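Commentary on secondary and tertiary structure
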Amino acid sequence: RQIEILDRAGFRTENIFFAPEAMSRLYAKSLKLGLESGVFALLNIDTNFTDFIITSQGKLIFIRSIPIGAQQLINEKDRYEIRFVEEVKRSIEAYVNEQIDSSPEKFIMTGAAKDNPDIKGMLEERLGVAINFSPYFENISISNNARDESASFKNISFLDVISPLVSVGRTETNFIPEEIKLRKLFEEKSKDLVKIGIFVMIALALIGGIFLSKIYFKSAYLSNLRKKFEPINEEAKDLAKTFSRVEAVKFYLRDRGISLEILSELY
């Protein structure tokens, strides 16, 4: 549906990012966590959900979506705080049971969590780990106006929108549909065929130009030769006529005494 909307608006879809991967890469790079070794967990609290992300060596290795966000933690704090902590604990247990990698060495909380500091202390108490709150705006370069405008939306995290823009060309996951990939490949092949056709036409034009230039120069050389030898040809024609007359006289003189010789022989 989103691709169809973009197509109708005149835009071409080149890539569909996996937001958690972009978020993990952004924090791994900006905070220099897990680029070489180590595992860290990232909690991005949004309006109605929370992304629990674990990154190892700068790559996303585990994600779980928790259906509790800033709106529930602020408006219905007593009801959802304990549930949120339990969901985070279950997420860690699910990751450990998968035996993907070692346990997280660092926990980072971001998103729309700055107005609820109690949740950080409760998580630290229940999980027995230190949790660092790191506002995502401090890890990216944006204008002050954009920072102030985004900060005015207290219950919304824009990290999943900003991270793909910052991580363009660095993510490995691409959810672009196969038909779009095939269409793009076909368009690229078509462009290549058009380029090849243009190159062939240029090559043929160059070859034809070379042959035409040779014919032109030879025709010009022949024309010059004709102009140069035209007087000589006229003299040669006069000489040929004179030579014909001389030959006729020689032939006449040679045959002139035959009749006398015949009569002499008969006699």
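Note: the structure precedes this text.
Below you will find a few notes about this structure. For clarity, every value in this text was computed on a predicted model and none was experimentally measured.

The next subject is the overall build of the protein. Across its full length, the protein carries 9 helices and 5 strands. Its C-alpha atoms give the protein a radius of gyration of 47 Å, clearly above 18 Å, the size a compact globule of 267 residues would have. The buried share of the protein, reckoned over its 267 residues, is 28%. Approximately 18500 Å² of the protein is accessible, and the part contributed by carbon and sulfur atoms is 58%. Side chains of the protein carry 37 positive and 38 negative charges; the gap between the two charge centres is 8 Å.

Attention now goes to empty space enclosed by the protein. By rolling a water-sized probe across the atoms, one finds the places where empty space is left. This structure, assessed with the given rule, holds 1 cavity of 30 Å³ or more. Taken as a whole, the largest cavity spans an internal volume of roughly 50 Å³. Class assignment of the residues belonging to the lining of the largest cavity gives a composition of 1 nonpolar, 1 polar and 5 charged.

So, on to the nonpolar core. Within the largest apolar cluster, 24 residues are counted, with the highest numbers of intra-cluster contacts made by F52, F84, V88 and L123. For this core, the element with the most residues is helix α4 (residues 77-98), which contributes 6 residues. Counting 13 residues, the second-largest nonpolar core is a separate cluster that includes M23, L26, Y27 and L42.

Now for a nonpolar patch on the surface. Taken together, the side chains of L193, I196, V200, M201, L204, I207 and F211 make up a nonpolar region of the molecular surface, amounting to roughly 730 Å² of accessible area. When you line up the elements, I207 lands in helix α8 (residues 178-255).

Right, let's talk about the pattern of salt bridges for a bit. The full count for this structure, using the stated rule, is 7 salt bridges. In this structure, the salt-bridge partner of E4 is R8, at a minimum N-O distance of 2.8 Å. Of this pair, E4 and R8 both sit in helix α1 (residues 2-8), 4 residues apart, which is roughly one turn of that helix. A salt bridge links E81 to K77, with the nearest nitrogen and oxygen atoms 3.9 Å apart.

Turning to the packing of aromatic side chains, a few remarks are in order. Per the stated rule, a full pass over the model turns up 3 aromatic pairs. Residues F52 and F62 carry aromatic rings whose centres are separated by 6.3 Å and whose planes lie at 80° to one another, so their mutual orientation is edge-to-face. Taken together, the residues span a long stretch of sequence, with F52 in strand β2 (residues 50-56) and F62 in strand β3 (residues 59-66) at a distance of 10 residues. On the accessibility criterion, F52 (0% relative accessible area) is buried. For F62, a relative accessible area of 12% puts it in the buried group. Between Y216 and F217, the ring centres sit 5.6 Å apart and the planes meet at 65°, which makes this aromatic pair edge-to-face. No difference in accessibility class separates Y216 from F217, as the two residues are exposed.

Assignment of secondary structure puts E98 in helix α4. Residues E98 and K195, spaced 97 residues apart in sequence, show a C-alpha to C-alpha distance of 51 Å.

Further remarks concern the sheet that holds strand β1 (residues 39-45). Taken together, 5 strands build an open sheet; the order of strands is β3-β2-β1-β4-β5 and the sheet is mixed. The open sheet has two edge strands with one neighbour each: β3 and β5 (131-133). On average, each strand axis in the sheet is tilted by 20° relative to the strand beside it, whichever way the strands run. Where β1 lies against strand β4 (residues 106-111), 6 bridges are found, and the strand directions are parallel.

Here is what the cut-offs are and how they apply
Residues numbered from 1 in each chain as written. Predicted model: local features only at pLDDT ≥ 70, side-chain atom pairs only at ≥ 80, totals over all residues. Heavy atoms only, no water. Helix = DSSP H or I, 4+ residues; strand = E, 2+ residues; numbered from the N terminus. Rg over C-alpha atoms; globule rule 2.2 N^0.38 Å. Buried < 20%, exposed > 50% of the residue type's maximum accessible area, 1.4 Å probe, protein only. Areas by Shrake-Rupley, 256 points an atom, 1.4 Å probe, with all protein chains shown as cover. Lys, Arg positive; Asp, Glu negative; His and termini not counted. Charge placed at Lys NZ, Arg CZ, Asp CG, Glu CD. 1 Å grid on protein atoms, 1.4 Å probe; cavity = no way out; pocket = protein on both sides within 12 Å on 5 of 7 lines; lining within 4 Å. Points joined across faces, edges and corners; volume = space filled by probe spheres on them. Nonpolar A, V, L, I, M, F, W, Y, C, P; charged D, E, K, R; others polar. Core = buried A, V, L, I, M, F, W, Y, C linked by side-chain atoms within 4.5 Å. Patch = residues over 30% accessible without salt bridge, like charges linked within 9 Å, V, L, I, M, F, W, Y side chains within 5 Å. Salt bridge = Lys/Arg side-chain N within 4 Å of Asp/Glu carboxyl O. Phe/Tyr/Trp six-rings, centres within 6.5 Å; stacked < 30°, edge-to-face > 60°. Pairing = 2+ DSSP bridges. Axes fitted to C-alpha atoms, helices over the stretch in contact; angles between N-to-C directions.

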